[in-house]
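Spelled out from the first residue to the last, the chains are:
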Amino acid sequence: MKRLYWFVLDSLGIGGAPDAEDYGDAGSDTLGHIAEWFVKNEGRSLDLPNLKGLGLGAAYQLVHRQQPMGWSEERLTGTFAAASEISTGKDTPSGHWEMAGVPVNWEWAYYPDIQECFPRSLLNEIYSRSGLEGSLANRHASGTVVIKEFGGESMRTGMPIFYTSADSVFQIAAHEDHFGLERLYQLCELVRGLTLEPLVGRVIARPFIGESGAFIRTGNRRDFAVRPPKPTVLELVKDAGHEVIGLGKIGDIFAHVGMTKEVKANGHCQLWKKTREAAAEAGLIMTNFVDFDVLYGHRRDPRGYGLALEEWDRELGRFLEEMSSDDAIVITADHGNDPTWSGTDHTRERVPILMTGGQFSCLGNAGLRDSFSDIGATIGNFFGVEVDEGTVIE
């Protein structure tokens with residue numbers, strides 16, 4: 001029975017994207033700047049023995065010709081590579097879809113970084129169809145900041161909070177109890193239908209709870225994404241008769257297409273637990289570890305990001321010991337989110353590809369890859385299916 005674990009360390013870029021300057025991200029380097037922060041501020045290097053052993057430092061060295069600050073070369077136990085993105089965006093769906101063999105070769109619609117960033121005609125249509133009297137914020141913002149700023153007013157007035165980012169996204173925040181969770185989902189479905197032309201990548205429900213001064217976002221986030229325009233490796237593996245299990249936000253990212261089962265989970269601890277439970281079923285098990293991005297990258301917290309990486313690495317070590325000798329693991333990322341960078345948005349970076357187990361053990365250097373699609377092609381090859389885009393890593 002074939003079983004492959006596909007772990008996405010959401011936002012763990014390794015810098016050096018050839019086109020980073022086009023996105024205003026020349027010099028961004030999520031892993032490298034976290035490693036540098038720890039050496040300069042805590043007087044120690046990041047403690048990631050398992051990721052290093054699988055080739056994380058070696059993949060970084062392919063890009064920068066040197067290891068991250070404080071690191072030295074390790075004995076390797078798998079295949080490593082570094083990949084550039086060819087999709088036009090640096091957002092979550094673009095990165096995941098390209099990894100799964102469907103690059104985004106069109107331009108998403110983006111909202112300008114100005115006051116009242118959403119078109120008045122769109123807002124009026126939303127109000128007319130939903131019965132809302134209005135909305136709050138209507139600008140680029142960090143999710144935690146905008147809830148802190150407008151959460152109390154949203155509760156008093158019943159108006160939801162509309163905001164966006166540098167990604168192609170329309171985000172709606174509202175209080176689960178005062179506004180209603182199902183009502184929030186229905187509103188997002190309405191907005192999804194109104195943002196298909198020009199095409200916005202995602203509409204995201206961002207529910208929160210609590211009182212003024214102590215609002216917290218809940219795990220009931222829901223992404224309303226468009227479907228990939230053609231079958232991804234997930235669909236191809238599923239159609240070949242294998243189980244395909246998506247954990248965390250994977251179902252939302254792929255518009256709930258291509259999986260035999262979706263498992264919701266929040267936080268890395270619960271995601272690891274659910275991944276272990278999914279191990280009882282053979283097939284493709286894909287888990288997105290989103291906290292790196294949401295809790296530390298967007299919040300520009302290099303220390304928190306590094307500590308979370310160290311905890312994840314310890315859990316990876318335990319997981320590697322539990323694996324069957326026939327199991328395989330692919331570890332990668334979907335974009336960067338340099339916690340030392342300006343602003344709060346994703347950064348255009350190369351990503352690492354680390355593979356071990358099954359046919360991937362001790363194969364060594366797979367070099368610089370021209371597309372994330374090589375990941376999907378390689379996973380497809382593992383299951384005996386052919387992906388249109390990408391080159392199999394051999």
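Keep in mind that what you see is a predicted model, and the values were worked out from it rather than measured.

**Student:** I tried to follow the sheet that holds strand β1 (residues 3-9) on my own but got confused; where do I start?
**Tutor:** Strand pairing in a sheet takes place through backbone hydrogen bonds and is either antiparallel or parallel in direction. Read from one edge to the other, the open sheet built from eight strands follows the order β10-β9-β11-β1-β12-β13-β2-β14, with strand pairing classed as mixed. Either end of the sheet is taken by a strand with one partner, and the two such strands are β10 (261-263) and β14 (364-369). Each strand of the sheet is rotated relative to its neighbour by a mean of 15°, with strand direction disregarded. Judged from the three bridges that link them, strand β9 (residues 244-247) and β10 form a sheet pairing that is parallel. From the neighbouring strand, Ile-245 faces β10, where its bridge partner is Lys-261. The sheet strands contacting helix α13 (residues 373-382) are β1, β11 (283-289), β12 (328-332), β13 (351-357) and β14, and the helix crosses β1 at an angle near 165°.

**Student:** It is not clear to me how the packing of helix α10 (residues 268-278) against helix α12 (residues 302-322) should be interpreted in this structure. Could you clarify?
**Tutor:** Two measures define how a pair of helices packs: the angle their axes make with one another and the distance between the axes. Closest axis-to-axis distance for the α10/α12 pair is 11 Å, and the angle between their directions is 10°. As the angle between them shows, α10 and α12 are arranged roughly parallel. Contacts between α10 and α12 involve His-268, Trp-272, Thr-275 and Arg-276 from the former and Trp-312, Glu-315, Leu-316, Arg-318, Phe-319 and Glu-322 from the latter. Across the contact of α10 with α12, the residue classes tally to four nonpolar, two polar and four charged.

**Student:** Help me understand the nonpolar core in this model?
**Tutor:** Where a protein is soluble and globular, its nonpolar side chains tend to be buried together. Ranked by internal contacts, the top residues of the largest apolar core, which has 80 residues, are Leu-4, Trp-6, Phe-7, Trp-312 and Ile-331. Once residues within four sequence positions are removed from consideration, Trp-6 is found in contact with Met-99, Ala-100, Val-233, Leu-234, Leu-284, Ile-285, Met-286, Thr-287, Val-330, Thr-332, Ile-375 and Ile-379. Counting 26 residues, the second-largest nonpolar core is a separate cluster that includes Tyr-127, Ile-172, Leu-184 and Val-203.

**Student:** Which parts of the structure should I look at to understand the environment of Glu-262?
**Tutor:** Inspection of the secondary structure puts Glu-262 in strand β10. Along the primary structure Glu-262 and Gly-251 are separated by 11 residues, whereas in three dimensions their C-alpha atoms are 6.0 Å apart. A polar contact of 2.9 Å, which involves the side chain of Glu-262, links it to the side chain of His-256.

**Student:** Is there a simple way to think about the packing of helix α1 (residues 30-42) against α12 in this case?
**Tutor:** It is at 9 Å that the axes of α1 and α12 come closest, and there the two elements cross at 105°. As far as their axial angle goes, α12 and α1 are roughly perpendicular. Two secondary-structure elements touch here, α1 through Thr-30, Ile-34, Trp-37, Phe-38 and Glu-42 and α12 through Pro-302, Arg-303, Tyr-305, Gly-306, Leu-307 and Leu-309. Partitioned by chemical class, the residues of the contact of α1 with α12 number seven nonpolar, two polar and two charged.

**Student:** Would you mind showing me how to read the pattern of salt bridges here?
**Tutor:** Where charged atoms from two side chains of opposite charge approach closely, those side chains can pair. Applying the stated rule across the entire model yields 27 salt bridges. Note that Glu-42 is salt-bridged to Arg-303, the shortest N-O span being 2.6 Å. A residue pair is termed long-range when its members are at least 10 positions apart, and Glu-42 in helix α1 and Arg-303 in helix α12 qualify at 261 residues. Relative accessible area serves as the criterion here: at 29%, Glu-42 is assigned to the partly exposed category. In this structure, Arg-139 engages Glu-149 in a salt bridge whose closest nitrogen and oxygen atoms are separated by 2.5 Å.

**Student:** Would you explain the pairing of β9 in this entry?
**Tutor:** Looking along a regular strand, one sees the side chains alternate between the two faces of the sheet. Because side chains alternate across β9, one face comprises the buried residues Val-244 and Gly-246, and the other comprises Ile-245 and Leu-247, equally buried. Bridge analysis of β9 against β11 gives four bridges, and the strand direction is parallel. Each bridged residue has a counterpart across the sheet, and for Leu-247 the counterpart in β11 is Thr-287.

**Student:** In this structure, what is going on with helix α6 (residues 143-157)? I would like to understand it.
**Tutor:** The periodicity of an α-helix, 3.6 residues per turn, causes residues three or four positions apart to be oriented the same way. The largest bend in α6 is about 55°, located at Phe-150. All of the buried residues in α6 are Gly-143, Val-146, Ile-147, Phe-150, Gly-151, Gly-152, Ser-154 and Met-155. Tucked inside the fold, the buried residues of α6 contact β3 (136-140), β4 (161-164), β5 (169-175), α7 (176-194), β6 (202-209) and β7 (216-217). Directly beyond the C-terminal end of α6, a positive phi value near 80° is found at Gly-158.

What counts as what
Residues numbered from 1 in each chain as written. Predicted model: local features only at pLDDT ≥ 70, side-chain atom pairs only at ≥ 80, totals over all residues. Heavy atoms only, no water. Pairing = 2+ DSSP bridges. Helix = DSSP H or I, 4+ residues; strand = E, 2+ residues; numbered from the N terminus. Axes fitted to C-alpha atoms, helices over the stretch in contact; angles between N-to-C directions. Contact = heavy atoms within 4.5 Å. Parallel < 35°, antiparallel > 145°, perpendicular 65-115°, else oblique. Nonpolar A, V, L, I, M, F, W, Y, C, P; charged D, E, K, R; others polar. Core = buried A, V, L, I, M, F, W, Y, C linked by side-chain atoms within 4.5 Å. Buried < 20%, exposed > 50% of the residue type's maximum accessible area, 1.4 Å probe, protein only. Polar contact = N/O pair within 3.5 Å; in protein donor to acceptor, adjacent residues only side chain to side chain. Salt bridge = Lys/Arg side-chain N within 4 Å of Asp/Glu carboxyl O. Bend = angle between axes of the 7 residues up to and from the residue.

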